[in-house]
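Listed below are the residues making up each chain.
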Amino acid sequence: ETAGTVIKCRAAVTWCVNEPFSIEVVEVAPPKAHEIRIKMVYTGICGSDDNAVYGKFKDMQFPIILGHEGVGIVESIGGGVKGFKPGDKVIPLFAPQCGQCRCCKDPRTNICTTARMERPKGLMADGTSRFTCKGKKIYNFLNTSTFTEYTVIDEIAAVKIDENTALDNISLIGCGFSTGYGSALNAAKVHPGSSCAVFGLGGVGLAAVMGCKAAGASRIIGVDINKGKFGLAKELGATECINPKDYDKPIQQVLVEQTGGGLDYVFECIGDTETMVAAINSSHHGFGTTVIVGVSAANKTITFDPMIFLTGRTLTGSVFGGWKPKDSVPKLVHDYMEKKFDLDKLVTHRLPFEKINEGFDYLRKGKSIRTILRF
Ligand code: APR
Ligand code: ZN
Ligand code: ZN
């Protein structure tokens, strides 16, 4: 019986920017009111975790336990928790859903105002942390922190999934898969017969390719500077792949020429401001839609000639693929179990948790799509 006690367990702590992960023994305090403590079973390594190591995002403090794409089992619950009990299988939600705020009640968005505006960053709702290591307070990442054997999460930032779900690959529904797939289905609303381009063929971009295919796009162009990504992209639905390095002219010019004036839908799944502008300029001037999916660095801005929108282009973006997470994740899990999409193909590597640095190495060298760490 661990409920109500401080749990000592292993976690991968990032002590400061640009440091490798350090496997440490941490103390994880019991969940307070409206919190749950989760025993992690698997966690994926996402491009955003890597970006966080490099200090790309604002509102981030070290030392921190990163990781936001995971799956686990509820160990214990705090006071007032209604939707969870010990033993439940759960997916943490880096984009929470309180269900009460103006945005949660509006079908046009999946961004919860409570989570976004009214909660401290890197800490629980009461402004404190549940993690300590060597006497120091450790911050959490995106309400989740999955690079630890046990984590404590606000009840608005986790969702219960079917007890019969096979957990091996399902952590991808907690970020990469849903983010990319939903960007095509929800944010862009790709229509049958349309033309699409996906910039960046990592886990997020490949899931966007899957979404474009599921929506019936007839042309799906994968764009990446690593041609090692093209094989899987084609397997998942890309009809062709382009490496910008193979051309002397800008990639937007190549795409506009090859598509008779530009694409119906363009997805930026890299998080780079230059490729964001290239994506916009690759969309058709009369009706092209660009969806920003990648997360750009703190304080970076983009500039463009406003006339590019005068003729009818649309620029939008989505977090977590536009899915309202509490409502959608159980359905996505169900659809996965029914084999309506094949996210298993995105999992290229599996490692024990303590080999986390090796997993990040594969990502940085462009060798992996998703590595899943098992606890
Ligand atoms: N042009 C084309 N492709 C590029 C470029 C570029 N200038 N720069 C990088 N890429 C490709 C990489 O080669 C890689 O295949 O973009 C891909 C990025 O994939 P990952 O690093 O695996 O990242 P992923 O987990 O897919 O996340 C992508 O979404 O969640 C956000 O913060 C995350 O912004 C990141 C993005
Ligand atoms: Zn992610
Ligand atoms: Zn809300």
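Computed from a predicted model, the values in this text were never measured in an experiment. (Residues numbered from 1 in each chain as written. Chains lettered and ligands numbered in written order. Predicted model: local features only at pLDDT ≥ 70, side-chain atom pairs only at ≥ 80, totals over all residues. Heavy atoms only, no water.)

This part is about empty space enclosed by the protein. All told, the structure shown has two cavities of 30 Å³ or more when counted by the stated rule. Estimates place the volume of the largest cavity at around 90 Å³. Lining the largest cavity are Pro 96, Ala 115, Arg 119, Leu 123, Met 124, Ala 125, Asn 140, Asn 143, Ile 153, Asp 154, Ile 156 and Ala 157. Reported here for the second largest cavity is a volume of approximately 30 Å³. When its residues are assigned to classes, the lining of the second largest cavity shows five nonpolar, three polar and one charged. (1 Å grid on protein atoms, 1.4 Å probe; cavity = no way out; pocket = protein on both sides within 12 Å on 5 of 7 lines; lining within 4 Å. Points joined across faces, edges and corners; volume = space filled by probe spheres on them. Nonpolar A, V, L, I, M, F, W, Y, C, P; charged D, E, K, R; others polar.)

Our next topic: the coordination of the zinc ion (ligand 2). With distances of 2.0 to 2.3 Å, the protein atoms coordinating the zinc ion (ligand 2) are Cys 46 (SG), His 68 (NE2) and Cys 175 (SG). Binding-site remark: the zinc ion (ligand 2) is held by donors from one chain whose sequence spacing is C-x21-H-x106-C. You can see Cys 46 sitting in the loop between β3 (35-44) and α1 (47-53) and its partner Cys 175 sitting in the loop between β10 (158-160) and α3 (176-188), a full 129 residues away along the chain. With respect to burial, Cys 46 and Cys 175 carry one shared label: buried. (Donors = N, O, S within 2.8 Å, 3.2 Å for Na, K, Ca; no water. Helix = DSSP H or I, 4+ residues; strand = E, 2+ residues; numbered from the N terminus. Buried < 20%, exposed > 50% of the residue type's maximum accessible area, 1.4 Å probe, protein only.)

A few words now on the site of ligand 1. Neighbouring ligand 1 are 21 residues, the closest being Gly 47, Ser 48, Val 204, Asp 224 and Ile 270. Contact between ligand 1 and Ser 48: an oxygen atom at 2.7 Å from a side-chain N or O atom of the residue. Within the contact set of ligand 1, an oxygen atom lies 3.0 Å away from a backbone nitrogen or oxygen of Val 204. Here ligand 1, which alone exposes 730 Å², has 83% of that area covered by the protein. Of all the secondary structure elements, the ones that give two or more residues to the shell around ligand 1 are α1 and α4 (203-214). Top element by residues in the shell around ligand 1 is α1. It accounts for three residues. A breakdown of the residues in the shell around ligand 1 according to their chemical character gives eight nonpolar, 10 polar and three charged. Formed jointly, the shell around ligand 1 draws a minimum of three residues from each of two domains, domain 1 (7-174 + 342-374) and domain 2 (180-318). (Near = heavy atom within 4 Å. Polar contact = N/O pair within 3.5 Å; in protein donor to acceptor, adjacent residues only side chain to side chain. Areas by Shrake-Rupley, 256 points an atom, 1.4 Å probe, with all protein chains shown as cover. Domains from an automatic or database assignment.)

Honestly, it's all geometry; don't read function into it.
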